[in-house]
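Geometric and topological summary
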Amino acid sequence: MQTEALLHTPPDTTSEPTLVVDRLKAYYTTKAFGIDRDIRAVDDISLTVAKGEIYGVAGESSSGKTSLIKTIVGAIRPPLHVVGGTVRFNFGGQNYDIYDLKPDQLQAIRWRHLSYIMQGSMNVLNPVRRIKHSFYDFAYAHMGLDRATFWNTVRDHLRRLDLDPGVLESYPHQLSGGMRQRTTIALATVCTPEFIVADEPTTALDVIVQRDVLAMLRDIQRDLGSSFLFVTHDMSVHATVSDRVGIVYAGRLVEEADTPTLFRGARHPYTQHLVASLPKIGDTTRRASLSGRPPSLADPPSGCRFHPRCPLAMDICSKEVPPMVNLAPRHRVACFAVSGATS
Amino acid sequence: MSLLLDIAQVGKTFTQGGLLSRRTVEAVKDISLQIEAEKPEILSVVGESGSGKSTLAAMVLGQQLPTRGLVLFDGVDVASIRSSAARRAFMAKVQPVLQNPFEAFNPLKRVDRYLFATAANFMMAKSKPTRQEIEARVDRALVEVGLTLAEVRGRFPHELSGGQLQRTAIARALIPDPRLLVADEPVSMVDASLRMSIVNLFGSLRDRLGLSIIYITHDLATAYYISDRIIIMKKGEVVERGSARDVLDNPQHPYSIALKKAVLTPDFA
């Protein structure tokens, strides 16, 4: 008995990419007792997301995944600040550089073109007001419709996602966790945005509900043709929904490839470990666990940040930062052992 | 054949609301379950949220008393435990491991404090232990999980990784030499690269120390990987039970089939 993967429309890689992130650096800077400390949560990350593509970001907790996407959508607050690099979106032929926009311009593209399903997003619904108020507060101003049309659009959208429009009259606590999560996804997509960022949208849910929510995201992607930036530490979820996956380790991108390539032919030792350690039903071979502990971003190891735990570590790994090298079209890796220690 | 744990037709009903709007919720309905004393095993309890897994665990731990039926541990009815000495003797045999290690430890207190307090509590029963005896006991438990007292001494929870902290929580549970661990979603908050180290640790505790473990999870893949027996729960009832491999290789009940179908695997890539 094998279930089918959640299929979706293939990405459009010929036209201009929807998102280009170039050498992005964002640090948390704290000043305490006259000492400045930088926590390099996003360190020199470049990536592009094509129109209609689901780009997965994987990595363990505190590897900087959430900081990366917060920086990409421009939702950062001190002490997190951008140190270098650019984030450029392309919506309908128009270019928007997130860190060149004025606050009101950013406000105008948010929700309309760019929406963000936050981690633990079930908690964005106001617990003491009916769900319709959350829809009104979030979406009404961005849609430019009169009230009657607005509510009709919202109801049509809920029906399209197989949700009963009756949920609008409910309070959040009256819904189950899965219903709440689906309602917040409906809320994030009601303005048919071109780019959707989802941070761990299924982590708190059990397996059956998780599958429903992923199927719903797939349907949205198919109907709207949106691009997704999909963040989760669960590699099985990436195998199911993502077109391409980037692996983040301690604030840096270490490998990026199309999903089948990444799961069958990963080259970076960390990615290989992540893929090999996944347990599967029907397979009882012993899974090794990685020695050592995840590095602290306040005091990361020198050179390649993975070298203290790496089975292939060489002398150069502790001295220099491995550059991102193209192994094949759409397959990049940052590892001296793979690309040869010539830098 | 003696039984370590004998759960006989246990049910738990919660009542909500006042006199006029009384509603009852049957969290657990007539569950029977045995673990043999001579045959240590890992028993997985699998089911969706709200299926009564955690209520069952709370009853095994004596935190909730069953509305109907009996929970016998080593032949003693858990509901009949009254005196603090008897309760301490029971708690020494059955220990919990919680879901989120970051919530299990107070962030403002050093982690070793919990270990020393647990050791002091359970060793008090014999005679007042000395500092050396306590430290030796704590160190022995930490070595069982692949840590040492030197690594943990004086550390705050934020100074340890999630995996190390969860191992410390397991070491704390091992201090009184328990016979049974009840682990409620112990790996759901641990990073992918460390998850398997915790699951492998459970296997080695079973094999080396002869410890039985009730492993509550909704992750079918790790349940298949590590457990000997499995029960699948839905709405407070056991819908399927048996050897983990048999049940998950070839599920019979429609709910078990749906559950297995919903599991995402890396093969989709």
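Structural notes on the overall build of chain A
A count of helices and strands for chain A gives ten helices and twelve strands. Once the C-alpha set of chain A is aligned to its principal axes, its extents read approximately 65 × 55 × 45 Å. A burial count over chain A gives 51% of its 343 residues as buried. Within chain A, contacts between residues separated by at least 24 positions form 65% of all contacts whose residues are at least 6 apart in sequence.

A word on the domain arrangement of chain A
Residue and element names in this part refer to chain A. For chain A, the assigned domains are domain 1 (19-242) and domain 2 (264-279 + 301-343). Taken together, the two surfaces of domain 1 and domain 2 that pack against each other cover about 600 Å², and 42% of this comes from carbon and sulfur. For domain 1, the biggest contributors to the area lost against domain 2 are Ser-46, Glu-60 and Met-235; these three give 58% of the whole. Our count for the contact surface shared by domain 1 and domain 2 stands at three salt bridges. For the side of domain 1 that touches domain 2, the secondary structure elements donating two or more residues are β2 (35-49) and α7 (235-241).

Focus on helix α1 (residues 65-72) of chain A
All names here are of chain A. With respect to burial, α1 is a largely interior element, six of its eight residues being buried. Every buried residue of α1 is accounted for by Lys-65, Ser-67, Leu-68, Ile-69, Thr-71 and Ile-72. Phi turns positive one or two residues past the end of α1, at Gly-74, with a value near 70 degrees.

Section: the environment of Asp315(A)
Structurally, the position occupied by Asp315(A) is in the loop between α9 (269-276) and β11 (325-328). Taking the C-alpha atoms as reference points, Asp315(A) and Ala239(A), separated by 76 residues in sequence, lie 34 Å from one another.

Quick look at the pattern of salt bridges
Evaluation of the coordinates by the stated rule reveals 26 salt bridges over all chains. Here Arg330(A) ties to Glu53(A) by a salt bridge, and the two come within 3.5 Å at their closest N and O atoms. Of this pair, Arg330(A) sits in the loop between β11 and β12 (331-333) while Glu53(A) sits in the loop between β2 and β3 (54-58), and the two are 277 residues apart along the sequence. Taking the relative accessible area as the measure of exposure, Glu53(A) reaches 0% and is therefore buried. Its salt-bridge partner being Asp74(B), residue Arg179(B) comes within 3.7 Å of it at the nearest N-O pair. Note that Arg179(B) is positioned in the loop between α7 (162-174) and β7 (180-184) and Asp74(B) in the loop between β4 (68-73) and β5 (76-77), a separation of 105 residues in sequence. Owing to a relative accessible area of 40%, Asp74(B) belongs among the partly exposed residues under this scheme. Three or more residues are tied together by salt bridges with common partners; here these are Glu53(A), Arg244(A), Glu256(A), Asp258(A), Arg330(A) and Arg332(A).

Things to note about empty space enclosed by the protein
Residues and elements named next belong to chain A. Counting across every chain of the model gives five cavities of 30 Å³ or more. Its volume calculated, the largest cavity comes out at about 90 Å³. If you trace the largest cavity, you find ten residues lining it, with Trp-111, Tyr-116, Ile-117, Met-118 and Val-124 closest to the centre. Of all the elements, helix α5 (residues 177-189) adds the most residues to the lining of the largest cavity, at three residues. Tallied by class, residues from the lining of the largest cavity come to eight nonpolar, two polar and no charged.

Here's the deal with the pairing of strand β7 (residues 195-199) of chain A
All names here are of chain A. Summarising burial for β7: five of the five residues are buried, a large majority. Residues Phe-195, Val-197 and Asp-199 line one face of β7 and the alternating positions Ile-196 and Ala-198 line the opposite face, and both faces are buried. Pairing between β7 and strand β8 (residues 227-231): five bridges, direction parallel. Within the sheet, the bridge partner assigned to Val-197 lies in β8 and is Leu-229.

A look at the sheet that holds β2(A)
Residues and elements named next belong to chain A. Judged by pairing direction, the sheet is antiparallel, and its four strands sit side by side in the order β2-β1-β4-β5 without closing on themselves. Both outer strands of the open sheet, β2 and β5 (94-97), are each paired with one neighbouring strand and no more. Geometrically, the sheet is characterised by an average inter-axis angle of 15 degrees between neighbouring strands, direction not taken into account. Packing against the sheet, α1 makes contact with β1 (19-32), β2 and β4 (80-91), and its axis sits at approximately 115 degrees to β1.

Remarks on the packing of helix α6 (residues 207-224) of chain A against helix α11 (residues 254-262) of chain B
At a closest axis distance of 8 Å, the pairing of α6(A) and α11(B) adopts a crossing angle of 50 degrees. As the angle between them shows, α6(A) and α11(B) are arranged oblique. Two packed elements cross with a definite hand, and for α6(A) against α11(B) that hand is left-handed. Residue-level inspection shows Val207(A), Ile208(A) and Arg211(A) of α6(A) in contact with α11(B), the latter providing Tyr255(B), Ala258(B), Leu259(B), Lys261(B) and Ala262(B). Taken together, the residues that form the contact of α6(A) with α11(B) break down as six nonpolar, no polar and two charged.

With respect to the nonpolar core
Counting residues in each nonpolar core, the largest one holds 40 residues, and the members touching the most others are Val138(B), Ile170(B), Leu181(B) and Phe202(B). Sorting the residues of this core by element identifies α4 (111-123), α5 (131-144), α6 (149-152), α7, β7, α8 (192-209), β8 (212-217) and α9 (220-226) of chain B as the ones contributing at least two each. For this core, the leading source of residues is α8(B), giving seven residues. Those residues in contact with Ile170(B) that lie beyond four places of it in its chain are Val97(B), Val145(B), Leu181(B), Ile198(B), Leu201(B), Phe202(B) and Leu205(B). In terms of nonpolar packing, the next biggest core, distinct from the first, is built from 37 residues, Val154(A), Val167(A), Met216(A) and Val241(A) among them.

Here we look at the interface of chain A and chain B
With 43 residues of chain A at the contact, the number on the chain B side is 39 residues. The contact between chain A and chain B buries some 3,600 Å² in all, and 64% of this surface belongs to carbon and sulfur atoms. At the boundary of chain A and chain B, one finds zero salt bridges. At the junction of chain A with chain B, the criterion picks out three residue pairs in polar contact (both at pLDDT 80 or more). Put simply, the parts of the chain that give the side of chain A that touches chain B at least two residues each are α6, α7, α8 (259-265) and α9 of chain A. It is α6(A) that provides the largest number of residues to the side of chain A that touches chain B, a total of five residues. When its residues are assigned to classes, the side of chain A that touches chain B shows 17 nonpolar, 15 polar and eleven charged.

Conventions used here
- Residues numbered from 1 in each chain as written.
- Chains lettered and ligands numbered in written order.
- Predicted model: local features only at pLDDT ≥ 70, side-chain atom pairs only at ≥ 80, totals over all residues.
- Heavy atoms only, no water.
- Helix = DSSP H or I, 4+ residues; strand = E, 2+ residues; numbered from the N terminus.
- Buried < 20%, exposed > 50% of the residue type's maximum accessible area, 1.4 Å probe, protein only.
- Contact = heavy atoms within 4.5 Å.
- Domains from an automatic or database assignment.
- Buried area = accessible area lost by both parts, 1.4 Å probe.
- Salt bridge = Lys/Arg side-chain N within 4 Å of Asp/Glu carboxyl O.
- 1 Å grid on protein atoms, 1.4 Å probe; cavity = no way out; pocket = protein on both sides within 12 Å on 5 of 7 lines; lining within 4 Å.
- Points joined across faces, edges and corners; volume = space filled by probe spheres on them.
- Nonpolar A, V, L, I, M, F, W, Y, C, P; charged D, E, K, R; others polar.
- Pairing = 2+ DSSP bridges.
- Axes fitted to C-alpha atoms, helices over the stretch in contact; angles between N-to-C directions.
- Parallel < 35°, antiparallel > 145°, perpendicular 65-115°, else oblique.
- Left-handed = near helix turned anticlockwise from the far one by under 90°.
- Core = buried A, V, L, I, M, F, W, Y, C linked by side-chain atoms within 4.5 Å.
- Polar contact = N/O pair within 3.5 Å; in protein donor to acceptor, adjacent residues only side chain to side chain.

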